[in-house]
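Examining the three-dimensional arrangement
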Amino acid sequence: FFFLMIRRPPRSTQSRSSAASDVYKRQSQYRQNLLPLGHQLANLSREELLKLEKPETFYSIGWSHGQEQFMGKKDFSKGSFYANPQMDEPQYDAKLAQEGNILAPNVWPKDSLPQLEIHFKQLGQLIVNVGILLSQQLDAYVGKKNPFYEKGKLARVISTSTGCKGRLLHYFPINSKNELDNEWCGWHNDHGSLTGLTSAMYVDKSGNEVSFKESEGGLYIRSRDGNNYKASIPKDCIAFQIGETTQIHTGGLLRATPHCVVRSEELINSGVSRNTLAVFMQPNFDELMNLSLIHISEPTRQAEISYAVFCLKKKKQSSLFPQYVFL
């Protein structure tokens, strides 16, 4: 499994991309600008939030609260705002839309929270740019292990994709001990290629940042040996984790990172909420998944399917951890 945090390099040089050399400066400022807006967005009037809901996209664009299922129930513990940080109007494909894979135009609260758009795009684009640089190093590693691996594949997949998706997450305050029974976000793998994450920001009822360190709660990841580890991301870092698409494209040389977000008893009745940004870098929906590299439980399935079909099949699976056995 792969989980990496990128922070200030030991020395900046002109030969380095600015996305890498001063990421610690820009990321810290961009994070400070964006994450408090998660609280402000979640506390807009119901009328304003309805303007941001897009049920025709299965709530994959704009505001989503109580629309996702967790353990068989609607999840009201967190709210999400989805947008493509790179382009406002990716190309629409009617066939893909029928399969539930939609590249729809972004929707922004231009009147009620106009600053959200610029700050969301700034941080989201920075994370993608650093993700491309990281993917070049991952490609080099995989290429050394597998001479048949397409040169620069992961970097190509991410840099040419029109379907990048950012998710601004607002975890609502915990008001009772009963709410601790389940994780904020259960154990899962991301479907895409690479996910970039900021460290969480905790804010009080007024939306002001507070210094809060959860001793037990927060982000957890699972290693290949089956042990769980708390992943504490410093404020000046961007963390990256591998998704299932990269696991497939690399023939298992890189493995998807199982992770979850755990609630903390320390948050009960504190009025403190948790805010963070995840950026999902994923292929275009017509990218082939190269399933010929793996053995799966359906021997009649075609050797190769598109990422769109892969996502559709994932939606229909009941298991949280489909087991890929690589030959």
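Anyway, here's the lowdown on the structure attached to this text. All values derive from a computational prediction rather than experimental measurement. (Residues numbered from 1 in each chain as written. Predicted model: local features only at pLDDT ≥ 70, side-chain atom pairs only at ≥ 80, totals over all residues. Heavy atoms only, no water.)

A closer look at the nonpolar core
Counting 45 residues, the largest nonpolar core has L41, F81, L116 and L277 as its most contacted members. Sorting the residues of this core by element identifies helix 2 (23-34), helix 3 (36-42), strand 5 (78-83), helix 6 (115-145), helix 7 (153-159), strand 9 (201-203), strand 12 (238-242) and strand 14 (273-281) as the ones contributing at least two each. If one sorts the elements of this core by residue count, helix 6 sits on top with 11 residues. Apart from the residues lying within four places of it in its own chain, the contact partners of L277 are L34, L35, F120, L123, G124, I127, R167, L168, G196, L197 and T198. If you look at the next biggest cluster of nonpolar residues, it comprises 12 residues, including C185, L219, I221 and I233. (Core = buried A, V, L, I, M, F, W, Y, C linked by side-chain atoms within 4.5 Å. Buried < 20%, exposed > 50% of the residue type's maximum accessible area, 1.4 Å probe, protein only. Helix = DSSP H or I, 4+ residues; strand = E, 2+ residues; numbered from the N terminus. Contact = heavy atoms within 4.5 Å.)

Digging into the packing of aromatic side chains
Between two aromatic rings, the relevant description is the distance of the centres plus the angle of the planes. The final tally for this structure, using the stated rule, is four aromatic pairs. Where F81 meets W108, the ring centres are 5.6 Å apart and the plane angle is 45°; that geometry is what we call tilted. Placement of the pair is F81 in strand 5 and W108 in the loop between helix 5 (94-98) and helix 6, with a sequence separation of 27 residues. Of the two residues, F81 and W108, neither departs from the other in class, the shared state being buried. When the ring of W108 is compared with that of F120, the centres are 5.5 Å apart and the planes differ by 70°; the resulting orientation is edge-to-face. (Phe/Tyr/Trp six-rings, centres within 6.5 Å; stacked < 30°, edge-to-face > 60°.)

A word on the pattern of salt bridges
Applying the stated criterion to the full structure yields nine salt bridges. Measuring nitrogen to oxygen at the nearest pair gives 2.8 Å for the salt bridge that ties E117 to K121. Note that E117 and K121 are positioned in helix 6 at a spacing of four residues, about one turn of the helix. This pair shows no difference in class: E117 is buried, exactly as K121 is. Look at the salt bridges and you will find they share partners, linking D88, K110, E117 and K121 into a network. (Salt bridge = Lys/Arg side-chain N within 4 Å of Asp/Glu carboxyl O.)

Comments concerning the pairing of strand 6 (residues 165-171)
With respect to burial, strand 6 is a largely interior element, seven of its seven residues being buried. Side chains K165, R167, L169 and Y171 project from strand 6 onto one buried face, and the interleaved G166, L168 and H170 project onto a second face that is buried too. Judged from the seven bridges that link them, strand 6 and strand 14 form a sheet pairing that is antiparallel. Of the residues in strand 14, the one forming a bridge with H170 is N275. (Pairing = 2+ DSSP bridges.)

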